[in-house]
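A structural walkthrough
As a plain string of letters, each chain reads:
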Amino acid sequence: MTRGYGRQWLDADDRAAVMAALDAPLLTQGPQVPAFEAALCSATGAKHAVAVANGTAALHLACLAAGIGPGCHVATQDITFVASANAALYCGADTVLTDVDAASISMTPEQVGTGFDALIQVHFAGYSGLDGGLKALGGTVIEDACHALGGVDMGGKPVGSCVHSDMAVFSFHPVKSVTTAEGGAITTNDSELATKLMQLRNHGLVRDADAWTDAGLGMDGDAVNPWYYEQQGLGFNYRMTELQAALGVSQMKKLDTFMAKRRDLALAYLDRMAGIANVQALHGASAIRRSANHLFVVLIDFARVGKTRRQVMEALRARDVGSQVHYIPVHHQPFHAARLDAGAGFPKADAYYERCLSLPLHPGMSLDDVDYVAAQVREVCA
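Described in the following lines is the structure provided in the data block.

Criteria and cut-off values
Residues numbered from 1 in each chain as written. Predicted model: local features only at pLDDT ≥ 70, side-chain atom pairs only at ≥ 80, totals over all residues. Heavy atoms only, no water. Helix = DSSP H or I, 4+ residues; strand = E, 2+ residues; numbered from the N terminus. Rg over C-alpha atoms; globule rule 2.2 N^0.38 Å. Buried < 20%, exposed > 50% of the residue type's maximum accessible area, 1.4 Å probe, protein only. Contact = heavy atoms within 4.5 Å. Areas by Shrake-Rupley, 256 points an atom, 1.4 Å probe, with all protein chains shown as cover. Lys, Arg positive; Asp, Glu negative; His and termini not counted. Charge placed at Lys NZ, Arg CZ, Asp CG, Glu CD. Core = buried A, V, L, I, M, F, W, Y, C linked by side-chain atoms within 4.5 Å. Salt bridge = Lys/Arg side-chain N within 4 Å of Asp/Glu carboxyl O. Pairing = 2+ DSSP bridges. Axes fitted to C-alpha atoms, helices over the stretch in contact; angles between N-to-C directions. Parallel < 35°, antiparallel > 145°, perpendicular 65-115°, else oblique. Left-handed = near helix turned anticlockwise from the far one by under 90°. Nonpolar A, V, L, I, M, F, W, Y, C, P; charged D, E, K, R; others polar. Polar contact = N/O pair within 3.5 Å; in protein donor to acceptor, adjacent residues only side chain to side chain. Patch = residues over 30% accessible without salt bridge, like charges linked within 9 Å, V, L, I, M, F, W, Y side chains within 5 Å.

**A short note on the overall build of the protein chain**
Across its full length, the protein chain carries 15 helices and 14 strands. Relative to its length of 382 residues, the protein chain is compact, with a C-alpha radius of gyration of 22 Å against a globular reference of 21 Å. Each principal axis of the C-alpha atoms in the protein chain carries an extent, and together these give about 80 × 55 × 35 Å. Burial statistics for the protein chain: of 382 residues in total, 51% are counted as buried. When contacts within the protein chain are restricted to residue pairs at least 6 apart in sequence, long-range pairs at least 24 apart make up 70% of them. Counting only carbon and sulfur atoms, one obtains 54% of the accessible surface of the protein chain, whose full area is about 16,000 Å². Within the protein chain, the 39 negative side-chain charges are centred at a point lying 9 Å from the centre of the 29 positive side-chain charges.

As structure tokens, this is what we get:
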């Protein structure tokens, strides 16, 4: 039960939902996608949710809907998966990396400064440090909440409610809060942004007769021609399938259960890790209680332990404990290093990376599994 840092949790209801969708007349663009979007709105409190093919597509479309393009500058943090940094580049804009706050592993207003067209803040490991500070800097605020569905922000609002942002982006990869196998979504309270996002995910097509630019072709007298549509912009085929959405609808019914389980596991880890020399949990109890707890990250002083990170990971793997590193700082990636200012420094990101290790955390685990993992960490790092 412990191997691998994350794993999906599927039950008979999930399988039945997918089989029912498989037997339905429409495998794409049917009723399941709107139902999944409605479930996301209910969970987050946002007015709109737009489901797409994956989290990277969601980041891309959020930037496009915000008007990001050539000449624009978008800031995101150095500790994140590369998709967060790539999204603005897909739009022809420039991505600027910021260092992170050592405690939260988030970018802060002080680190960002002003002058950016958009800011992408990452809710790393499921913890949201979002308040009104970034919004006050100007520019579009996009939450990369791919780790954080089910968590709450600094003010206790559900992540994705967009109280302090323009859009929030989610991923439903198998290790995330809920899964659609692959899949993503954007939430927003802005109706115009939602309309843009829905067009962009489907080739830029417009089927609303009231929005057509050439109604003469679309109308037969006072009646709408049922086949007619207009491409009014350059969009993509970023749609979510009915099978994915059906799984998502079923999974969303278990979101609260998943969140409670992850929180209990993370708090148990925090207790079991106390007193292990040279090993420290990244987040404390107060952060864990607000977080979606996508990851349980520990900081290990490998030099004092007398083992490299590779040696620790291999020793744990030999004891059936999987682990992972989240993440290699983006500025170390060759593609990004080649385009960045050579003099830019990221001391807090580098200091975090030198010590971080993610331990297993997923709803399929038990408290006995936590006991076992903690015991193995204690022995390996003794």
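Right, picking up where we left off after that structure.
**Quick look at the nonpolar core**
Core analysis: the biggest nonpolar cluster contains 48 residues, and Phe124, Met273, Phe296, Tyr352, Leu357, Leu359 and Val377 have the highest contact counts within it. Of all the secondary structure elements, the ones that give two or more residues to this core are helix H9 (255-273), strand E12 (279-281), strand E13 (296-300), helix H11 (302-305), helix H12 (309-318), helix H14 (347-355), strand E14 (356-359) and helix H15 (367-380). Leu357 has contacts with Phe296, Val297, Val298, Ile300, Arg309, Val312, Met313, Leu316, Ser323, Gln324 and Val325, leaving out every residue within four places of it along the chain. Counting 27 residues, the second-largest nonpolar core is a separate cluster that includes Ala87, Ile120, Cys146 and Ile186.

**Some words on the pattern of salt bridges**
Under the defined criterion, the tally for this structure stands at ten salt bridges. Asp166 is the partner of Lys135 in a salt bridge, and the nearest nitrogen-oxygen pair spans 2.5 Å. Placement of the pair is Lys135 in the loop between strand E4 (118-122) and strand E5 (140-144) and Asp166 in the loop between E5 and strand E6 (167-171), with a sequence separation of 31 residues. Glu379 serves as the salt-bridge partner of Arg319, at 2.8 Å between the closest nitrogen and oxygen. Taken together, the residues span a long stretch of sequence, with Arg319 in the loop between H12 and helix H13 (334-337) and Glu379 in helix H15 at a distance of 60 residues. One connected set of salt bridges, linked through shared partners, spans Asp11, Asp14 and Lys254.

**Quick look at the sheet that holds E5**
The pairing of strands in a sheet comes from backbone hydrogen bonds and takes either a parallel or an antiparallel form. Pairing is mixed in the open sheet, where seven strands are placed in the order E1-E7-E6-E5-E4-E2-E3. On the outer flanks of this sheet lie strand E1 (48-52) and strand E3 (94-98), each paired with one strand and no other. Averaged over all pairs of adjacent strands, the angle between their axes in this sheet comes to 20°, without regard to strand direction. As defined by bridge partners, strand E2 (residues 73-77) adjoins E4 across three bridges and the pair is classed as parallel. Among the inter-strand pairings, Val74 is bridged to a residue of E4, identified as Ala118.

**Description of the packing of H12 against H15**
A pair of packed helices is characterised by two quantities: the angle between their axes and the separation of those axes. H15 packs onto H12 with a crossing angle of 135° between their chain directions and a minimal axis gap of 10 Å. By the angle between their directions, the pair H12 and H15 is classed as oblique. The two elements H12 and H15 cross, and the hand of that crossing is right-handed. Here Val312, Ala315 and Leu316 of H12 come into contact with H15, specifically with Gln376, Val377 and Val380. In the contact of H12 with H15, the residues fall into five nonpolar, one polar and no charged.

**So, the side chain of Thr180**
Its location among the elements puts Thr180 in the loop between E6 and strand E7 (184-188). Within the structure, the side chain of Thr180 is placed 2.8 Å from the backbone oxygen of Glu182, a separation counted as a polar contact. Non-local contacts of Thr180, meaning those with residues more than four positions away in its chain, are made with Phe36, Phe172, Met240, Gln244, Leu247 and Gly248.

**Overview of the sheet that holds E12**
Taken together, the three strands give an open sheet; going across it, the order is E12-E13-E14, and neighbouring strands pair in antiparallel fashion. Two strands lie at the open edges of the sheet, namely E12 and E14, each paired on one side alone. On average, each strand axis in the sheet is inclined to that of its neighbour by 35°, with strand direction left out of account. In terms of strand pairing, E12 meets E13 through three bridges, oriented antiparallel. The residue of E13 that forms the bridge with Ala281 is Val298. Where H9 meets the sheet, it contacts E12, E13 and E14, and its direction lies at approximately 20° from that of E13.

**Focus on a nonpolar patch on the surface**
Together, Met19, Leu22 and Leu27 give the surface a local cluster of nonpolar side chains, amounting to about 270 Å² of exposed area. With respect to the helices and strands, the residue Met19 is situated in helix H1 (residues 12-23).

**Thoughts on the packing of H1 against helix H8 (residues 242-252)**
At a minimum axis distance of 8 Å, the contact between H1 and H8 shows a crossing angle of 150°. As the angle between them shows, H1 and H8 are arranged roughly antiparallel. In the packing of H1 onto H8, the handedness of the crossing is right-handed. Together, Asp13, Asp14, Ala17, Val18, Ala21 and Leu22 of H1 and Glu242, Leu243, Ala246, Leu247, Ser250 and Gln251 of H8 make up the contact between the two elements. Its residues placed into classes, the contact of H1 with H8 shows seven nonpolar, two polar and three charged.

**Examining the side chain of Ser171**
Within the element layout of this structure, Ser171 appears in strand E6. Overall, the relative accessible area of 11% leaves Ser171 in the buried class. A polar contact of 3.3 Å, which involves the side chain of Ser171, links it to the backbone nitrogen of His173. Among the polar contacts made by the side chain of Ser171, one reaches the side chain of Lys176 at a distance of 3.4 Å. When residues no more than four places from it in sequence are discounted, the contact partners of Ser171 are Gly55, Cys146, Lys176, Val178, Gly183 and Gly184.

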